[in-house]
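Report on the structure
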Amino acid sequence: MIITNAQPIANNKIQVLIKFLIVFLLSALIVTLLFILIFGNLAQSITLKAVLKTITQFGIVISIPAAILFVLTDLLMKKIKIIWVLYLVRGIVLFGLLWLVSLFFSIYLIANALFDNPFVK
């Protein structure tokens, strides 16, 4: 009896982990490609070292909050059954957190792009 009750919890954790990883990898890829697209013309050639530095310096840092916000929103959608409360809570949480995250990461991106741009020697 305990094993059958534990399986849905384990499957749920695996699903949440898979969703987290998919969103994390996609957002890291998108951020890295956008950064290369925006700042790539400053470099004479785009090397693998510069791309890896961009992934670790910008892609991963921005992907972690995006993936966490996605998973939290997904969990909220599963827990709240009243539809208007769900929309209200989701809107308040998303706009509040996205505003804070965008503020902090805008400052982070601007500071890193000015002081430690991987495409400028």
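Everything discussed here concerns the structure shown above.
The text that follows walks through the structure, step by step, so that each part is easy to find. Note that this is a predicted model, so its numbers are computed, not measured.

Tracing the chain through its elements places aspartate 74 in helix α2 (residues 48-79). At 2.8 Å, the side chain of aspartate 74 and the side chain of lysine 19 are in polar contact.

Moving on, we get to a nonpolar patch on the surface. Taken together, the side chains of Ile14, Ile18, Ile22, Leu26, Leu29, Ile30, Leu33, Leu34, Leu37 and Ile38 define a hydrophobic patch exposed on the protein surface, amounting to about 980 Å² of accessible area. Here isoleucine 30 lies in helix α1 (residues 2-39).

Our focus in this paragraph is the pattern of salt bridges. Inspection of every chain in the model, using the stated rule, returns one salt bridge. Across the pair aspartate 74 and lysine 19 runs a salt bridge whose closest N-O atoms are separated by 2.8 Å. Taken together, the positions of aspartate 74 in helix α2 and lysine 19 in helix α1 put the pair 55 residues apart, joining distant regions of the chain.

With that out of the way, let us pick up α2. The terminal C-alpha atoms of α2 lie 43 Å apart, and with 32 residues this matches the ideal 46 Å at 1.5 Å per residue to within 8%. Approximately 35 degrees is the largest bend angle found in α2, and it occurs at glycine 59.

A word on the nonpolar core. Ranked by size, the top nonpolar core spans five residues in total: Val31, Phe35, Phe58, Ile62 and Phe105. Put simply, the parts of the chain that give this core at least two residues each are α1 and α2. When residues no more than four places from it in sequence are discounted, the contact partners of phenylalanine 105 are Val61, Ile62 and Pro65.

Rules used in this analysis
Residues numbered from 1 in each chain as written. Predicted model: local features only at pLDDT ≥ 70, side-chain atom pairs only at ≥ 80, totals over all residues. Heavy atoms only, no water. Helix = DSSP H or I, 4+ residues; strand = E, 2+ residues; numbered from the N terminus. Polar contact = N/O pair within 3.5 Å; in protein donor to acceptor, adjacent residues only side chain to side chain. Patch = residues over 30% accessible without salt bridge, like charges linked within 9 Å, V, L, I, M, F, W, Y side chains within 5 Å. Areas by Shrake-Rupley, 256 points an atom, 1.4 Å probe, with all protein chains shown as cover. Salt bridge = Lys/Arg side-chain N within 4 Å of Asp/Glu carboxyl O. Expected span 1.5 Å × (residues − 1). Bend = angle between axes of the 7 residues up to and from the residue. Core = buried A, V, L, I, M, F, W, Y, C linked by side-chain atoms within 4.5 Å. Buried < 20%, exposed > 50% of the residue type's maximum accessible area, 1.4 Å probe, protein only. Contact = heavy atoms within 4.5 Å.

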